[in-house]
Amino acid sequence: MTSVSLQNVSKSYGHVEVLRDINLEINQGELVVFVGPSGCGKSTLLRMIAGLETISGGELQIDGERMNETPPAQRGIAMVFQSYALYPHMTVRDNMAFGMKIAKKSKTEIDAAVSNAARILQLEPYLDRLPKALSGGQRQRVAIGRAIVRDPKVFLFDEPLSNLDAALRVATRIEIAQLKESMPDSTMIYVTHDQVEAMTLASRIVVLHGGNIEQVGAPLELYERPANTFVAQFIGSPAMNLLPSSVATSGAETQVSLEGGKMVTVPIASVDADRGASVQLGVRPEDLSVTAGDDCLFEGTVEIVEALGETTVLYFEAKPDAAPFIAKLPGIQAIRKGDKVRLNASKSKLHLFGADGISFLAR
Ligand code: ADP
Ligand code: MG
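Since we're looking at a predicted model, the values are computed, not measured.

Caption draft 1: Representation of the environment of S43. Relative to the helices and strands, S43 resides in helix α1 (residues 42-50). For the pair S43 and F157, spaced 114 residues apart in the sequence, the C-alpha separation amounts to 9.4 Å. Side chain to side chain, S43 and D158 meet in a polar contact 2.9 Å long.

Structure, rendered in structure tokens:
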């Protein structure tokens, strides 16, 4: 069942259009993550669903009902922000109960809802504490508890982990994943700029860029079949390498000629001649391995070695203004700065993008 539906939704501030023609259907029970660089319109889109921003064009439906003009309190949503926005003079219990008290719910109902949320979030030992006596992670759990107590149709999260330090961010991320599992029927929309959060939490990811949706898909679908160079370089770290090249011949497979003259076979059929003149061959750093053979994809002199123990990241010289070519090899490697290295990748791992940035695989 569709829970949230956006049809041709747009947003302008004066003459500046920050979101255009957003079309998206979110089903009940999904955890959909909006991801993209800072300023791409994630918060604006979430706040339009919440009713905190007006909708300039198009239609928003929640559970099949038009919501464009409905005030936030009547949309059946609950929102969790980056800043926890707890009442400092109220205990955890009162913070969570506050919305229900205002709505004049009975004491029995409030107590039941608060203890349910406290149980789900393991906040029972802290119910009588004030927010100042809690860690950042616990405060964010109280803010989530306040949302659960409202029993919303849709949960909205705007970068809820951004204020936490790295270790706590990982722990709280896992808690949110468990929370979602314990509430399989609730719909959640989660905004982040962090692709790791997006990959680990989402049932589907929506990649936003400059006010447009670049691609919507399951996390590994975006990783394995990015629709364009933006998604290819946004999902995955370090970013996918892109090598300028041109199509030499195309039939059942395509022969690509790299700058410098190397020829590479890509398992993509029939690239149109008019899109083949100037293409980019994509290969992820982790799909490369060292080879002794002549038929390598890339050879170069190592400029920087990052030995992380679990992986070794190699950076190769690039033309001025171009991003370095990067390889990510498993474990500890006996490779030093200044070494000449040849790298290859299995052809099933290669990507090919047109001059317009659009993947040939996606067609
Ligand atoms: P994100 O959450 O992805 O970082 P936002 O949704 O906050 O991005 O902002 C999207 C764009 O809209 C940005 O370019 C921002 O400057 C602009 N914007 C946000 N709020 C306003 C506003 N009240 N008036 C004018 N421009 C705004
Ligand atoms: Mg934001």
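Caption draft 2: Geometry of unusual backbone geometry. With an omega of -5 degrees, the peptide bond running from S237 to P238 counts as cis. Along the chain, P238 falls in the loop between α8 (229-234) and β11 (241-250). A positive phi angle is found at K104, which is not glycine, with a value near 60 degrees. Within the secondary structure, K104 sits in the loop between α2 (92-102) and α3 (107-120). Residue classification places K104 among the exposed positions, given a relative accessible area of 74%. Phi at D151 takes a positive value of approximately 50 degrees, unusual for a residue other than glycine. Tracing the sequence through the fold places D151 in the loop between α4 (136-149) and β7 (154-158). By relative accessible area, which is 63% here, D151 ends up exposed.

Caption draft 3: Spatial organisation of the packing of α2 against α4. Closest axis-to-axis distance for the α2/α4 pair is 8 Å, and the angle between their directions is 30 degrees. Considering their axes alone, α2 and α4 lie roughly parallel with respect to each other. Seen along the crossing, α2 lies across α4 with a hand that is right-handed. Residues V92, N95, M96 and M100 of α2 form the contact with α4, whose participating residues are V142, G145, R146 and V149. Here the residues of the contact of α2 with α4 sort into 5 nonpolar, 2 polar and 1 charged.

Caption draft 4: The arrangement of the domain arrangement of the protein chain in detail. Per the domain assignment, the segments of the protein chain are domain 1 (4-233) and domain 2 (234-362). Of note, the centres of domain 1 and domain 2, computed from C-alpha atoms alone, are 37 Å apart. Across the boundary between the two partners, domain 1 contributes 19 residues, which contact 17 residues of domain 2. Here domain 1 packs against domain 2, burying approximately 1,600 Å² in sum over the two surfaces, 60% of which is carbon and sulfur. Counting across the interface, domain 1 meets domain 2 through 0 salt bridges. At the surface where domain 1 touches domain 2, the tally comes to 11 residue pairs in polar contact (both at pLDDT 80 or more). At the level of elements, α6 (195-201), α7 (219-224) and α8 are the ones that each hand at least two residues to the side of domain 1 that touches domain 2.

About the thresholds
Residues take numbers from 1 onward in each chain, read along the sequence in its written order. Throughout, the order in which chains and ligands are written sets their labels, letters from A for the former and numbers from 1 for the latter. Residue-level local features of this predicted model are given only where pLDDT is at least 70; pairs of side-chain atoms are given and counted only at 80 or more, and the full residue set underlies all totals for whole chains, interfaces and linings. Side-chain measures here rest on the full set of heavy atoms in the structure, leaving out hydrogens and waters. The helix count covers DSSP runs of H or I at least four residues long, the strand count covers runs of E at least two residues long, and both are numbered beginning at the N terminus. In protein, a polar contact requires one atom able to donate a hydrogen and another able to accept it; more generally it is a pair of N or O atoms within 3.5 Å, and residues adjacent in sequence count only if both atoms are side-chain atoms. Summary of the burial criterion: residues with accessible area below 20% of their type's maximum are buried, those above 50% are exposed, and those between are partly exposed, where the area comes from a 1.4 Å probe applied to protein chains only. Fitted lines through C-alpha atoms serve as axes, helices being fitted only where they are in contact, and the angles separating the N-to-C directions of these axes extend from 0 to 180 degrees. Roughly parallel means an angle under 35 degrees; roughly antiparallel, over 145; roughly perpendicular, 65 to 115; everything else is oblique. Crossing chirality is assigned from the near helix's rotation relative to the far helix, an anticlockwise turn below a right angle marking it left-handed and a clockwise turn marking it right-handed. We call two residues in contact whenever any of their non-hydrogen atoms come within 4.5 Å of each other. Polar here means any residue outside two lists: the nonpolar Ala, Val, Leu, Ile, Met, Phe, Trp, Tyr, Cys and Pro, and the charged Asp, Glu, Lys and Arg; Gly therefore counts as polar. Where each domain starts and ends follows an automatic or database-derived domain assignment. What gets called buried area is simply the loss in accessible area from a 1.4 Å probe that two parts show on being joined, summed for both. Think of a salt bridge as a Lys or Arg side-chain nitrogen and an Asp or Glu carboxyl oxygen that are within 4 Å of each other.

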